[in-house]
Amino acid sequence: MKGYKLIKNTVSILILISFISIISCNKISSQRISANDFYSELIDDNSSIIIDVRTPEEFSKGHLRNALNINWFDDNFENQVEILSRDRPVFIYCLSGGRSAKALDKISKMGFKNSYELDGGILEWRKNNYPESKIKVDLKKSLSVNEFSELITSDKIVMVDYFAKWCAPCKVMEPFLDDLSEEYRDNLELIRIDYDQNLPLVKSLGVQGLPVIQLYYNNQLLWSKDGFSDKNTIETQIKKYL
């Protein structure tokens, strides 16, 4: 009799586990999810990281709100992803799914376990008429070379931060650049140049990839660094010219 009860309890537990598993499967269990699930997960979520792995040209013509643009074809793709938090969910998409599938495989191997791919890419997103954002550029507000020259002509060190809202490393660097600006405020000025809003200027200055940090003193370039730099690296350069 006791054996019968033990078997009965064991069966009940197994049924319960199976039931829980079925419920779990109704939630997002696959790394490739539909446009509807993608939208549902992101609509009220500001904590997730959204990565558009298309080219900057494709990105500029329409992208998901708050998406970062990390070009799959960029040689620095892995380095740009590396600096992102692994504790936050990551949602990836491209045009139709080819590049995002490769990117998902890559970042999963890098330790981003809570990551998802938009099945069918932004084309599927558009079929469902979900909202997109576009880069709005008003070239009338773009800095001229002369205006930029005036900004970097100073008796303080001028730190120029070339950034874009879609640039992942730029977002990571922003807080500690603010910290450095505050810590050295008596000897340092921070100027931020929005890449998209100042295309004529940045092209004339030869700025291509992002982020770019430059240090000037009295209109003379002291130091320039392309790509992500940590706080210590930049602070070392600042101290060198104080």
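Residues numbered from 1 in each chain as written. Predicted model: local features only at pLDDT ≥ 70, side-chain atom pairs only at ≥ 80, totals over all residues. Heavy atoms only, no water.

1. Here's the deal with the state of the cysteines
Okay, so step 1: Under the definition given, this model contains one disulfide.
Okay, so step 2: Disulfide partner of Cys 167: Cys 170, at an S-S distance of 2.3 Å. Taking the sign of the torsion about the S-S bond as the criterion, the disulfide between Cys 167 and Cys 170, at about 75 degrees, is right-handed.
Okay, so step 3: Classification of Cys 167 by relative accessible area gives buried; the value is 2%. (Disulfide = S-S within 2.5 Å. Buried < 20%, exposed > 50% of the residue type's maximum accessible area, 1.4 Å probe, protein only.)

2. Focus on the confidence of the model for the protein chain
Okay, so step 1: When pLDDT is averaged along the protein chain, the result is 88; 88% of the residues meet or exceed 70.
Okay, so step 2: When mean pLDDT is taken per element in the protein chain, strand β8 (residues 212-217) scores highest with 98 and helix α1 (residues 2-26) scores lowest with 46.
Okay, so step 3: Low pLDDT, under 50, characterises residues 13-29; the stretch is placed with four contacts to residues that sit more than four places away or in other chains. (pLDDT = per-residue confidence, 0-100. Helix = DSSP H or I, 4+ residues; strand = E, 2+ residues; numbered from the N terminus. Contact = heavy atoms within 4.5 Å.)

3. Examining the nonpolar core
Okay, so step 1: Counting residues in hydrophobic clusters, the biggest one holds 33 residues, and the most contacted among them are Phe 38, Leu 64, Phe 148, Val 160, Tyr 162, Ile 193 and Leu 210.
Okay, so step 2: Discounting residues that sit within four places of it in the chain, Val 160 has contacts with Phe 148, Ile 152, Ile 191, Ile 193, Val 212, Ile 213, Gln 214 and Tyr 216.
Okay, so step 3: Of all hydrophobic cores here, the second largest spans 18 residues; its members include Val 81, Val 90, Leu 104 and Ala 168. (Core = buried A, V, L, I, M, F, W, Y, C linked by side-chain atoms within 4.5 Å.)

4. Here we look at the environment of Arg 65
Okay, so step 1: Relative to the assigned elements, Arg 65 resides in the loop between α3 (56-60) and β3 (68-69).
Okay, so step 2: With 23 residues separating them in the primary sequence, Arg 65 and Leu 42 have C-alpha atoms 9.6 Å apart.
Okay, so step 3: Leaving out residues up to four positions away in the same chain, Arg 65 has contacts with Ile 43, Ile 50 and Ser 133.

5. Describing unusual backbone geometry
Okay, so step 1: A cis amide bond, omega -5 degrees, links Leu 210 with the succeeding residue Pro 211.
Okay, so step 2: Mapping Pro 211 onto the fold places it in the loop between α9 (199-204) and β8.
Okay, so step 3: Of note, Asn 129 is a non-glycine position whose phi angle comes to about 60 degrees, a positive value.
Okay, so step 4: Owing to a relative accessible area of 68%, Asn 129 belongs among the exposed residues under this scheme.
Okay, so step 5: With a phi close to 70 degrees, Asn 219 is a non-glycine residue in the positive phi region.
Okay, so step 6: Mapping Asn 219 onto the fold places it in the loop between β8 and β9 (220-226).
Okay, so step 7: The class for Asn 219 is partly exposed, based on a relative accessible area of 32%.

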